[in-house]
Amino acid sequence: MSLFSVSKIQLVGVAACVPQNVVSNYDYELISPKERELLVKTVGIEKRRIAQKGICASDLCFEAAQQLLNDLGWERREVEVLVFITQTPDYITPATSNILQQRLGLSKNCIALDINLGCSGYVYGLAVVSSLLQTLGKGKALLLAGDISSATLSEKDKSSAPIFSDAGSATALQWRQNAAPVYFNLQGDGSGYDAIIIPAGGYRHPVDARALEEQTISEGITRNQTHLILKGIDVFNFSVNEVPANVEALLNFAGKDRAAVNYFLFHQANLIINESIRKKLKLTPEQVPYSLRDFGNTSSATIPVTLITQLRNRLISEKLEMVFSGFGVGLSWSSAYLETEKLVCCELIEV
């Protein structure tokens, strides 16, 4: 396990942006009304936000970052690091972070880089940004995280289409002399790389005519090789086996008692997975907030979306101890313990 801490770095603000377009799983025509009821009850997702054609993850993150910078009152030239976490970039090349640096009016001296991660990406991104700021010994940074997962899905695939949703986020971090340490535990296992995968579209398997041919895998599952494949049983087993141990190790390393942690913010995978993790860790329902019902699985943006929609009133007014935990595609999983105090926490943005 990669257990480490970063000192003198404070999370100071967060914003999230979702598309205005709302899709209900009660209207998902591929399955019967009875199956829809069961889907919402077990997976926990009633509504999803789907971006209109032409809207990219970077656009959602841009809107979140603009609002957050304005609310913080930061000068654009003060931002020294910008990290963009996404699996749906604007282009294969160049990196979207450079485009965002220019769109946001940041300095040419700003470090800008993309990280290709999904469900674990928000916590990994916090670790990378915090480490860079600690190395610089000064400055302010933006972590932008989000995906338009809907662009990767087959609507004819009942195993994935009703789960994933679109969102972008912006998180502000700052070097501060007296900031409490942030503790991290980062892990990965490439042997499970095909548990969540889009087979065609990279350079291992470029898109060709065969890749675009639809195949019916089973009843209710039709897709081509450019669509996301989700092996639900494999993901469930991985999540329930690995995530609790990762969080336990983090708490032990940080010397923290789980009962003293106000909130555990887990990646919003689905209700079955998340409740299994919660119960295995013996956490109370009050410690584990959910945004699943109204926003679905928004990939790397699930933790900030949950912060904004479920905890905003407490975040802006109180000091809180929190654990963030992300897990999924890769396979990759991560957790962080941190303290927040009176965050700048923007209201949810819709575009």
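Keep in mind it's a predicted model, so treat the numbers as computed, not measured.

Caption draft 1: Representation of the packing of aromatic side chains in the model. Scanning all chains against the criterion turns up six aromatic pairs. Centroid distance tyrosine 183 to tyrosine 337: 6.1 Å. Interplanar angle 50 degrees. Geometry classified as tilted. Of this pair, tyrosine 183 sits in strand β9 (residues 182-188) while tyrosine 337 sits in strand β16 (residues 332-341), placing them 154 residues apart in sequence. According to the relative accessible area criterion, tyrosine 183 is buried, its value standing at 16%. Residue tyrosine 337 is classed as buried on the basis of its relative accessible area of 1%.

Caption draft 2: Representation of the pairing of strand β8 (residues 166-175) in the model. With respect to burial, β8 is a largely interior element, nine of its ten residues being buried. Across eight bridges, strand β2 (residues 9-18) lies against β8 in antiparallel orientation. Opposite cysteine 17, over in β8, you have glycine 168 as the bridge partner.

Caption draft 3: Looking closely at the nonpolar core. Ranked by size, the top nonpolar core spans 43 residues in total, and within it Phe184, Leu307, Met322 and Phe324 carry the most contacts. Among the elements that take part in this core, helix α4 (residues 121-136) stands out by supplying seven residues, more than any other. Residues in contact with leucine 307, not counting those within four places in the same chain, are Val14, Leu265, Arg312, Leu315, Met322 and Phe324. Residues Tyr28, Ile45, Ala195 and Leu281 belong to the second largest nonpolar core, which totals 38 residues.

Caption draft 4: Structural view of the pairing of strand β15 (residues 319-328). Burial runs high along β15: eight of the ten residues are buried. Bridge analysis of strand β14 (residues 263-266) against β15 gives four bridges, and the strand direction is parallel. Bridging from a neighbouring strand, leucine 265 pairs with phenylalanine 324 of β15. Sheet analysis places β15 next to β16, joined by ten bridges and oriented antiparallel. Its bridge partner being in β16, glutamate 321 is matched across the sheet by glutamate 339. Connecting β15 to the antiparallel partner β16 that follows it, the hairpin turn spans three residues, and glycine 330 within it adopts a positive phi of roughly 150 degrees.

Analysis parameters
- Residues numbered from 1 in each chain as written.
- Predicted model: local features only at pLDDT ≥ 70, side-chain atom pairs only at ≥ 80, totals over all residues.
- Heavy atoms only, no water.
- Phe/Tyr/Trp six-rings, centres within 6.5 Å; stacked < 30°, edge-to-face > 60°.
- Helix = DSSP H or I, 4+ residues; strand = E, 2+ residues; numbered from the N terminus.
- Buried < 20%, exposed > 50% of the residue type's maximum accessible area, 1.4 Å probe, protein only.
- Pairing = 2+ DSSP bridges.
- Core = buried A, V, L, I, M, F, W, Y, C linked by side-chain atoms within 4.5 Å.
- Contact = heavy atoms within 4.5 Å.

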